[in-house]
Amino acid sequence: MTEIVCLMKTNWEKVLEATDQIIFDKKNEIKLCLVAILSRGHLLIEDVPGVGKTTLVQTLAKLLGMETSRIQFTSDLLPSDIIGNTIYDPEKKEFKFFQGPLFANLVLADELNRANPRTQSALLQAMEEGQVSSDRKTMSLPDPFFLIATQNPRHQTGTFPLPESQLDRFLLSLNLNYASPEAEMKIFKGMDPRKKMAGLFSLMSVEEIREQQDQVDNVFTSDLLIQFISKILIESRKKSDLYQALSTRTGLALTRAAKAWAFLDGRDHCLPEDVKSVAPAVLAHRLGGVDGVLDGYKKANDLLRNVEVPT
Amino acid sequence: MKAHFRIHPDYTSLIATLVVSSLLLISDVPNWAALSTVLFFIWRLLIEYFRWPTPSRWLTGFLSVIFLVATLYTFKSWIGKEVSACFLMILTSLKILELQEESEKSFLILLGFFLVSSKFLFSLDLIYVAIEIPMLLILIYNLLPTQFMSNNPWGRIQYVFKVIVLTIPLTAFLYVFFPRFTQKFIEVQGLQDKIGISGFSDSIQPGQVSQLAQSNELVFRAELMNEKISSEDLYWKGQILTESKGMLWKRGLLEISEEDPLPFAMADYKIILEPTGRRWLFFLDDTVSIKTENFKFQKTSGNVFFSVDNLSARSQYVGKVLKNQKPISDRDYNVLKSKLQATQKDPAILEIIKGFNGDNHDPDIFAKNLLHYYQSNHFYYTLRPGDQGDLQLIDFLLKSKKGFCEHYASSAALLFRAANIPSRVVVGYQGGVFNRNGRFWSVTQKDAHAWIEYLNSQKIWTRLDPTSAIAPLRLELGAQAYFNLNENEIQSLSKEELKKRLENSNFIEDVEFWFENINYKWNTWLLDYDLEKQKAWLEKYNMSLTSLSLIALVLSLLATALFQFLVDRKNKKTDYEILIEALNKALKKRELERLPTEGPLEWKNRLQIQSSIPQRSLDLLFEFIVSVGYKNKSIAISAEQRKIFFKIINEI
């Protein structure tokens, strides 16, 4: 097992390095994206426009050999616009389902909170079950199915905030933030990232990803580690005046993400440090709620500072 | 001279508890013991205040030996709660007097537990339970080590409550299953006569009952189970006095009845007698039998019941009333008659009798005429008849004409005898205060009363209460209410008005009733569950006391073992803990111990930067720590690795 992990590590490392060549100074965020993919979760990015969200998604899609699609959400977008439509085919004289943009390995849902709640909730089933229903028929989405949604920070006009139930379905949330001045200067000096992207080739196949998702499941979590995760949840529930009490699903998400992080670090066992690395991203949108991801990050870090690592 | 030691503030609550619990016991110990205890407390107070030196241990040790001897001399015994309470009190005060060091705390706490439980054994009273529970809490609180949750007093208090709550199941278990020991076991005769207990003595003379009736002390509580017994029947007999010497009546020789008391299933009334220190029992007229487990009793020929030993603890018994008494035997009747003939008769008295009775010989008509005589001759009922120790019958009838119930009972009995009708004086209590909430009667010394019995024409002892002729209101309203009225009120208000006034209860009275009721229920509950009940209860489940004790013993041993096992398991350190502790210990000097929120890798990184431990050693150490704590256990950890780990730690 250890050998296999070591071998695979190089592949993921390559993905990480290649992405880092295009999006400077965001290694941690890129790694978290990979964690989301490896643990079959979805990612929520909350940010202002123009910090490289789309670039990140496209780069990853290319490197991982995934089929990608992008949905720009607007307030008049309907569920059928993302799932697909049943249309009458006059030649074959039958109704035929035309798949919408959701049928892809990697879907970028841009400005999700601009869509109306009805369309937002259409995404819900897709995210949770990996399948969609249309006209009483249920269709499976491609496997792996990975959704990256971006949302504008709250208070921007024309937004419908995502309800907590939907927020909980995202495994991780990120705040890309502006690049550092040095990184920005590097961007300005360098080539247009879109052109750079054209030169990328895929480092992995979809089958490989699927196989490695299974391997992440096998990363060992000891009792001590589980105790640590449970302590984090309990701490949030004890101080329910400060934090939103965390659900059991959150604990599950934390475990999965920590396993993926350990896997990316080339280990077959999970350490408290793995939990600490992923915890802010896992907890931010859950603790932040309507106050947004940035606020959630502060709260998550605050919470973690008070949780002791069990011995 | 010893260096001065001021009592540490930590001791305040403990010492306060000890002082209060000692003072609570004062009424139960001889005066000299109470006095010396108070003196020692004052001495200690002066030491604190004027910063005097504390007395040497030789002195206090010597004093405790002296007091031990004094205690044994007073009680002539070394078993019994009075003896132990007395010595405990002295010992506690001496210990507080010489208090100097921290290590004496546990001894003081131990004394405290004994003191608190002694008072409870003495009284069984709910009010003491209420006072003693906080004291118990304080003692347990003090039992916790000082370092334990030292910065969290609230946490300590919570812990104490937890301890108490955890003891409840075991206490309940013991209460139900631990064999009741009979009263005898904890009752050893001490100085009951000395201890402030009032009540009747074996004789009665004018002025005695009225003195008793000034006191409000509770004598007993009674519950009527038979609805046929009305409040007018509540003549609680105590003593039957047969021998007279002028107006002074004495208990004659009583024949102990050989026959066993009649067994009965349904009791008519239940009495919970406060400790009197005497052998009297109180029972209703026509009581044929009583039943109890608290003491041994005897029955005399005249259906009078006595406890075999003096009663110094609260005791409970039930009684059976049977109307239609049989007439006394001819032999007894002849004895009584011959006694009457032997007594000298004052011609003046005979003259008076002739005046109201004529030549009548029927006892019942004589009784009626006698009552009429009292009524029509301006006799006067008073609680304060003045000092009349050697009052003569003739003086009472012709001159003073005022008295309390004992005067009338005494004179009536004498007049009966002068008319050749056998009679005797009965002392006891009449009525009581009915508790509406608990439906029981509280009888106090205020209800002390005396009346007579005479042999009627059918040769049956018949009750006659002369007071009913002179002060009928005393009987109708009850002593408590009657003595609260002043003379004007008695004269001016009609009976209906008086009764109406009494019916208007006030709030304080309600609260008193309420508290009385709770206290009564508590006492009954404690006393009711006696050995017999316990046995009956066990028999229902086919268990004998012995087998149950055995089962209980085995179960408790098992429970202890299980508890120990669980504690051990809980406290057993995991491998990981041992490793972390070992490394922490090694790094303590350099202050590089693991921070509570630090994971192993973070710790390792910090050590890499801040310590001079070689990288290779660090790698090995943490490799081992991580594999013990976080790696799959199916990969066995070799003893070799362990050895290396501790070797590296030793090198550090």
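Quick notes on the rules
Here the residue index of a chain counts from 1 through its sequence in written order. By the order in which they are written, chains take letters starting at A while ligands take numbers starting at 1. Reporting of local features is limited, given that this is a predicted model, to residues whose pLDDT is at least 70; pairs of side-chain atoms are given and counted only at 80 or more, and all residues count toward the totals for whole chains, interfaces and linings. Computation of side-chain values: all heavy atoms of the structure, hydrogens and water removed. Numbering goes from the N terminus for both helices and strands, where a helix is a DSSP run of H or I of at least four residues and a strand is a run of E of at least two. For the radius of gyration, the atom set is restricted to C-alpha positions; the globular benchmark scales as 2.2 Å times the number of residues to the power 0.38. The rule is simple: take the accessible area with a 1.4 Å probe, protein chains only, and divide by the maximum for that residue type; under 20% is buried, over 50% is exposed, in between is partly exposed. Note on definitions: a residue-residue contact is assigned when non-hydrogen atoms from the two residues lie within 4.5 Å. Method for areas: the Shrake-Rupley scheme with a 1.4 Å probe, in which residue coverage is limited to the protein chains shown. Basic side-chain nitrogens of Lys or Arg form a salt bridge, by our definition, when they fall within 4 Å of a carboxyl oxygen of Asp or Glu. Any two strands with at least two DSSP bridges between them are considered paired. In this analysis an axis means a line fitted to C-alpha atoms, helices contributing only their contacting stretch, and an angle means the value between N-to-C directions, from 0 to 180 degrees. Here, expected helix span is obtained from the residue count minus one, scaled by 1.5 Å. Here the quantity called buried area is the total loss of accessible area, with a 1.4 Å probe, experienced by two parts when brought into contact, counted for both. Pairs of N or O atoms within 3.5 Å make up the polar contacts considered here, provided that, within protein, one atom can donate a hydrogen while the other can accept it, and that residues adjacent in sequence are counted only when both atoms are side-chain atoms. Each domain span listed reflects an automatic or database assignment of domains.

1. A look at the overall build of chain A
Phase 1 of the analysis: Helices and strands together make up the secondary structure of chain A, namely 13 helices and 9 strands.
Phase 2 of the analysis: Relative to its length of 311 residues, chain A is compact, with a C-alpha radius of gyration of 20 Å against a globular reference of 19 Å.
Phase 3 of the analysis: Over its C-alpha atoms, taken along the principal directions, chain A stretches across nearly 70 × 45 × 40 Å.
Phase 4 of the analysis: Relative to its 311 residues, chain A shows a buried fraction of 53%.
Phase 5 of the analysis: Within chain A, contacts between residues separated by at least 24 positions form 78% of all contacts whose residues are at least 6 apart in sequence.
Phase 6 of the analysis: When the accessible surface of chain A is totalled, it reaches about 14,300 Å², and 51% of it is carbon and sulfur.

2. Some thoughts on the pattern of salt bridges
Side-chain pairs of opposite charge can arise where the charged atoms are in close proximity.
Residues and elements named next belong to chain B.
Phase 1 of the analysis: Tallied over the full model, the rule gives 30 salt bridges over all chains.
Phase 2 of the analysis: Notably, a salt bridge pairs Glu-98 with Arg-57, separated by 4.0 Å at the nearest N-O pair. Residue Glu-98 is found in helix H4 (residues 81–98), and its partner Arg-57 is found in helix H3 (residues 57–75); the two are separated by 41 residues along the sequence.
Phase 3 of the analysis: Residue class for Glu-98 comes out buried when judged on its relative accessible area of 8%.
Phase 4 of the analysis: The exposure class of Arg-57 is partly exposed, given its relative accessible area of 34%.
Phase 5 of the analysis: Its salt-bridge partner being Glu-274, residue Arg-221 comes within 4.0 Å of it at the nearest N-O pair. Of this pair, Arg-221 sits in strand E2 (residues 218–224) while Glu-274 sits in the loop between strand E6 (269–273) and strand E7 (283–284), and the two are 53 residues apart along the sequence.
Phase 6 of the analysis: Of the residues examined, Arg-221 reaches a relative accessible area of 3% and is grouped as buried.
Phase 7 of the analysis: Glu-274 sits in the buried class, given a relative accessible area of 12%.

3. A short note on the sheet that holds strand E4 (residues 243–245) of chain B
All names here are of chain B.
Phase 1 of the analysis: An order of E1-E5-E4 is seen for the 3 strands of this open sheet, with the pairing classed as antiparallel. Every other strand in the sheet has two partners, leaving strand E1 (203–204) and E4 as the edge strands with one partner each.
Phase 2 of the analysis: As paired strands, E1 and strand E5 (residues 248–250) are joined by 2 bridges and run antiparallel to one another. Each residue of the ladder has a partner; that of Ser-203, found in E5, is Lys-250.
Phase 3 of the analysis: Those strands touched by helix H14 (residues 405–418) are E1, E4 and E5, and its axis lies near 80° from that of E5.

4. Some remarks on helix H2 (residues 27–38) of chain A
Residues and elements named next belong to chain A.
Phase 1 of the analysis: Over its 12 residues, H2 runs 16 Å from end to end, which matches the ideal 16 Å to within 8%, given 1.5 Å per residue.
Phase 2 of the analysis: Most of H2 is tucked away, with 10 of its 12 residues classed as buried.
Phase 3 of the analysis: Residues of H2 that are buried include every one of Glu-29, Ile-30, Lys-31, Leu-32, Cys-33, Leu-34, Val-35, Ala-36, Ile-37 and Leu-38, and no others.
Phase 4 of the analysis: Among the residues trailing H2, Arg-40 stands out with phi positive, at a value near 55°.

5. Some words on the interface of chain B and chain A
How big an interface is tends to be reported as the loss of accessible area on association of its parts.
Phase 1 of the analysis: Contacts between the two partners involve 17 residues from chain B, matched on the other side by 16 residues from chain A.
Phase 2 of the analysis: Buried surface at the junction of chain B and chain A, both sides included, amounts to about 1,500 Å², of which 64% is carbon and sulfur.
Phase 3 of the analysis: Sorting the residues of chain B by area buried against chain A places Thr-597, Leu-601 and Tyr-630 of chain B first, and these three jointly supply 40% of that buried surface.
Phase 4 of the analysis: Lys-276 of chain A is the salt-bridge partner of Glu-602 of chain B, the closest N and O atoms lying 2.7 Å from each other.
Phase 5 of the analysis: The interface formed by chain B and chain A holds 7 residue pairs in polar contact (both at pLDDT 80 or more) in total.

6. With respect to helix H7 (residues 153–177) of chain B
For an α-helix, the turn length of 3.6 residues means that residues three or four places apart are oriented alike.
Residues and elements named next belong to chain B.
Phase 1 of the analysis: Taking 1.5 Å as the rise per residue, H7 with 25 residues should run 36 Å; its terminal C-alpha atoms sit 37 Å apart, in good agreement.
Phase 2 of the analysis: Every buried residue of H7 is listed here: Gly-155, Arg-156, Val-160 and Phe-177.
Phase 3 of the analysis: Lining the buried residues of H7 we find helix H6 (126–143), helix H21 (531–540) and helix H22 (545–571).

7. Looking at the sheet that holds strand E8 (residues 287–291) of chain B
Residues and elements named next belong to chain B.
Phase 1 of the analysis: Taken together, 6 strands build an open sheet; the order of strands is E8-E11-E6-E2-E16-E15 and the sheet is antiparallel. Sheet topology places E8 and strand E15 (433–435) at the edges, where each strand pairs with a single neighbour. Across the sheet, the mean angle from the axis of one strand to that of its neighbour is 25°, orientation sign disregarded.
Phase 2 of the analysis: Sheet topology note: the E8/strand E11 (residues 315–321) ladder contains 4 bridges and is antiparallel. The residue of E11 that forms the bridge with Thr-287 is Val-321.

8. What about the domain arrangement of chain B?
Phase 1 of the analysis: Considered domain by domain, chain B is made up of domain 1 (9–143), domain 2 (203–470 + 505–509) and domain 3 (575–651).
Phase 2 of the analysis: Averaged C-alpha coordinates put domain 1 of chain B and domain 2 of chain B at centres separated by 45 Å.

9. Quick word on unusual backbone geometry
Residue and element names in this part refer to chain A.
Phase 1 of the analysis: Each neighbour pair has its own omega, and for Asp-143 with Pro-144 the value is -5°, a cis peptide bond.
Phase 2 of the analysis: Structurally, Pro-144 is set in the loop between strand E7 (137–140) and strand E8 (146–151).
Phase 3 of the analysis: With a phi angle near 50°, Glu-111 is a residue other than glycine that sits in the positive phi range.
Phase 4 of the analysis: Relative accessible area serves as the criterion here: at 17%, Glu-111 is assigned to the buried category.

10. Brief notes about the side chain of Arg-267 of chain A
Residues and elements named next belong to chain A.
Phase 1 of the analysis: Secondary-structure assignment places Arg-267 in the loop between helix H11 (248–264) and helix H12 (272–288).
Phase 2 of the analysis: Residue classification places Arg-267 among the buried residues on the basis of a relative accessible area of 14%.
Phase 3 of the analysis: At 3.5 Å, the side chain of Arg-267 forms a polar contact with the side chain of Asp-265.

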